[in-house]
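Chains, contacts and geometry: an overview
Take a look at the letters that make up each chain.
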Amino acid sequence: MSPRMSKLLPWISTVAAIVLMVVIWKLVIAVFDVSPFVLPQPEDVLSGVRDLVQSNDFWSDVRVTLTETLVGFAIALVLGIGLGTLLGRVAWLEQASRPVIVASQVVPKVALIPLFIIWFGFGITSKIIIVALLSFFPILLNVILGVRSVDSGHRDVMRSLNAGRWQTFRRLEYPSTLPYILAGMEVGIVFAVVGAVVGEYLGGDQGLGYRIVTSLNNLEAETLFAVIFVLTLFGFLLYLAVVLLKRFLIPWHASTIDSTRAST
Amino acid sequence: MSATTEDRSLGVPHVSGALPDGEAEIELRGVSKRFSARKRETLALTDIDLGIRKQEFVTLLGQSGCGKTTLLRILAGLTQPSAGEVTISGQPLWRGDHRDDDALRKLGLVFQDANLFPWYTVEENIGLPLLLRKVDKTERRRRAHELGELVGLQGFEKALPRELSGGMRQRVAIARALSYNPEILLMDEPFGALDAITRDKMNLELQRLAEATKATVVFVTHSIGEAVFLADRVVLLSARPGRIRSITEVPAPRPRSLDVTAEPNFQASVLELRRQLTEDEERVAGDGGVTE
C-alpha cells in the first residue's frame, strides 16, 4: 500500500463507518417501525444535540464533569507514578503488596461507587475519588513495568561512564519509563471519564452523567442520545490530548511513529 | 615467553600471560570470578594472569561460556573480581567496592549491542559521555561531528538510532566510546551481530581507528579468523573453569589488508587455534562440565 493511501485510510473508514451506522439506524426504524421514544431519527438526535448545547446549565455541567475527570486523573497520575516507582524499585515491597494490588484489581470498582457516595456525599468530592481510583491502577501497573524495563545494556553504558545516581535517573531511567507512563495514561483517561459519568449517574445533581438520569426520567430519548454523543466527543478530546502529549514527549518511540515510517 | 603449567586437577594447559614488571598498561593478576546462583557456584574464571602493552591489539578468543565476556567486564570495571587485582597504568581499578574514576576515564567500552539511547539523536548519543562529564553543548557537538567523520557517519548526525542499520549503529557506539579520548578500547564482540561483508569492512576500519587514536584495544570474539586477523596477540580462553589456554603472537605488521588471510603463517595460526578449540570442546563434552 502506498504511504499516502495508508495515511488516508483511517479517515476514509471513519466516514464510511458513520455513513453505514446512519443507514442501518434509519433502516431499523423504518423496517421495525420503532417508536421515537425508543430510537429517535438521527436528524432528531442532531437537533437534540443543538438544543442540549444551547440549554441552561449545559456548559456548567460540562465544567463539572471536566473538573472531576481532570482532578481525579491528576491525583491518580501523581500517586500512580510515585507508588509505581517505589514498587518497581523495591522488589520485596512489590511482592508484599501484590495480594492487595490483585485484590483491588479484581473488585469491580464501579460497585464501590454507591459506597463512596454514602461516605463523601453527592458533591464533586465523591466523583473525584471514584475517577482517581479507576484511573490509578492502569497507571500504577504500567509504571511498575516501566521502572523494571530499563534495558540492562543501557545500564551498563551508564555504569561504565561512572554516571551518578541523578544522571542515571535523568538521562536513562526517566526517558525509559516515559512510554510506559503514557501508555498507562492512555488507558487511565478513558477509565477516568467512565468514573466521572457513572459517579454522577448514580448519585449526583449536576454534570453530564446527571443529564443522562434526568433525560431518562423524562423519557427524552433525543436528549439521552444527544448526551451520549457529547460524552463520546468529550472522552475523545481527552484521549486525543494524551495522544498529542505522547507525540510531544516521546517522538522517538515506536508507538508514536507513523506505521508508514516504522517499516524499516 | 610465558610458561605452560599443567593444571593438576584438570590436566589441561593453563598459561600465565603476565608480562615483565613495568611493561604492561593493563594488568590482571590472579583474577578469579565465582558466580553463585541458587546454591550452585560456578567458577567463571580462575587465576588469570595477563598483561597488555600500550597500543597493543589483543583479542580474547573462546567458545561461548568460556568467560571471555566476564573477563572483559572485569577489565571494564562492570564486574568485580572475586579474587585478584586489575590495574590500569599502574593504578588499581578497584578500591574496595569503589572503582577508581581516573582508571575508568581511560576506558572506552563497545558492547555487542550498540546500546544506543533511542531518545537521543546520533549526535547526542556520541556526546553522552561528554554530557555526563559536563562538557558544554558547543564542544559536544563539535566533538560529535569530528568523531562522526572519523567513523563514517557524516550526514547522519540528526538521525535517530532506529533509522540506522546495525553497522551504522555500531559505528555510533564506537564514536561514543571514543568521545572522551580513552587510551584503552574494550570491545565485546562488537561486530558479532553484523553480516559477514559488513563485518570485514568494520574490521578494516577498526584497524585504521586503532592507529589513528593510538588506543590499546582488547577485543572479544568467538571467530578464529577475526581474532587472528586483528591481533598482535590472540589469547585463547578455555571453558569450565575459564582460564588462559594459550597465547599466540601474530607478527604481521598492522594495519593489515584482507590479503593477509591468504598467507601460510596466518592459516597455520588459524588451524592451530582451531585444533586447540576442538580439543577443548571434546574435553568439556566428555566430562559434562566441571562445576563446583
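In what follows, the accompanying structure is described. Computed from a prediction, not measured in an experiment: that's the story for all the values here.

What counts and how
- Residues numbered from 1 in each chain as written.
- Chains lettered and ligands numbered in written order.
- Predicted model: local features only at pLDDT ≥ 70, side-chain atom pairs only at ≥ 80, totals over all residues.
- Heavy atoms only, no water.
- Helix = DSSP H or I, 4+ residues; strand = E, 2+ residues; numbered from the N terminus.
- Buried < 20%, exposed > 50% of the residue type's maximum accessible area, 1.4 Å probe, protein only.
- Contact = heavy atoms within 4.5 Å.
- Lys, Arg positive; Asp, Glu negative; His and termini not counted.
- Charge placed at Lys NZ, Arg CZ, Asp CG, Glu CD.
- Pairing = 2+ DSSP bridges.
- Buried area = accessible area lost by both parts, 1.4 Å probe.
- Salt bridge = Lys/Arg side-chain N within 4 Å of Asp/Glu carboxyl O.
- Polar contact = N/O pair within 3.5 Å; in protein donor to acceptor, adjacent residues only side chain to side chain.
- Nonpolar A, V, L, I, M, F, W, Y, C, P; charged D, E, K, R; others polar.
- Core = buried A, V, L, I, M, F, W, Y, C linked by side-chain atoms within 4.5 Å.

To continue, consider the overall build of chain A. Along the backbone of chain A there are eleven helices and zero strands. Its C-alpha atoms give chain A principal-axis dimensions of roughly 75 × 55 × 30 Å. Relative to its full complement of 264 residues, chain A shows a buried share of 40%. For chain A, restricting intrachain contacts to residue pairs at least 6 apart in sequence, the fraction spanning at least 24 positions comes to 71%. Of the side chains in chain A, 19 bear a positive and 17 a negative charge, and the two mean positions are spaced by 16 Å.

Let us look at the pairing of strand E10 (residues 107-110) of chain B. Residues and elements named next belong to chain B. Of the two faces of E10, both are covered, the one formed by Leu107 and Leu109 as well as the one formed by Gly108 and Val110. Alignment of E10 against strand E11 (residues 184-188), held across four bridges, turns out to be parallel. Of the residues in E11, the one forming a bridge with Leu107 is Ile184.

Looking now at the interface of chain B and chain A. Of the residues lining the interface, 26 residues belong to chain B; the matching set on chain A comes to 22 residues. Considering only the side of chain B, the residues that lose the most area to chain A are Trp119, Leu132 and Arg162 of chain B, jointly responsible for 34% of the buried surface there. Linking chain B with chain A are one salt bridge, by the criterion used here. The salt bridge partner of Arg73 of chain B is Asp156 of chain A, with a shortest N-O separation of 2.7 Å. Summed over the shared surface of chain B and chain A, the result is nine residue pairs in polar contact (both at pLDDT 80 or more). It is helix H3 (residues 122-132) of chain B that contributes the most residues to the side of chain B that touches chain A, four residues altogether. Looking at side-chain class alone, the side of chain B that touches chain A contains 15 nonpolar, three polar and eight charged residues.

Here we take up the pairing of strand E14 (residues 243-249) of chain B. Residues and elements named next belong to chain B. The element E14 is largely enclosed, with a buried count of six among its seven residues. Where strand E13 (residues 233-238) meets E14, six bridges bridge the pair, whose relative direction is antiparallel. Counterpart to Arg233 in the pairing with E14 is Glu249. Counting the residues in the hairpin turn of E13 and E14 gives four residues, including Arg240, whose phi is positive at 50°.

What follows is about the sheet that holds strand E3 (residues 26-37) of chain B. Residue and element names in this part refer to chain B. Read across the open sheet, the four strands follow the order E4-E3-E6-E7; overall the sheet is antiparallel. Two strands lie at the open edges of the sheet, namely strand E4 (40-52) and strand E7 (91-92), each paired on one side alone. Across two bridges, strand E6 (residues 83-88) lies against E7 in antiparallel orientation. When the bridges of E7 are listed, Ile88 appears paired with Gln91.

Here Asp44 of chain A shows up in helix H2 (residues 42-54). A sequence separation of 177 residues divides Asp44 of chain A from Ala221 of chain A, and the C-alpha atoms of the two residues are 9.8 Å apart.

Membership of the largest hydrophobic core comes to 89 residues, with the highest contact counts inside it found for Leu28, Ile48, Leu50, Leu128 and Leu186 of chain B. A total of ten residues in this core trace back to one element, the largest contributor, which is helix H8 (residues 165-203) of chain A. Among the nonpolar cores identified, the runner-up in size contains 44 residues, and Ala173, Leu178, Val217 and Val234 of chain B belong to it.

It is worth spelling out unusual backbone geometry at this point. Residues and elements named next belong to chain B. A cis geometry characterises the amide bond from Arg254 onward to Pro255, with omega recorded as -5°. Turning to its location among the elements, Pro255 is positioned in the loop between E14 and helix H8 (264-287). One non-glycine residue, Asp47, lies in the positive phi region at around 50°. Its location among the elements puts Asp47 in strand E4. Look at Lys134: it is not a glycine, yet its phi comes out positive at around 60°. You can see Lys134 is positioned in the loop between H3 and helix H4 (137-150). The class for Lys134 is exposed, based on a relative accessible area of 69%.

All names here are of chain A. For Ser13, the position within the fold is in helix H1 (residues 3-32). On the accessibility criterion, Ser13 (41% relative accessible area) is partly exposed. Between the C-alpha atoms of Ser13 and Lys109, which are 96 residues apart in sequence, the distance is 35 Å.

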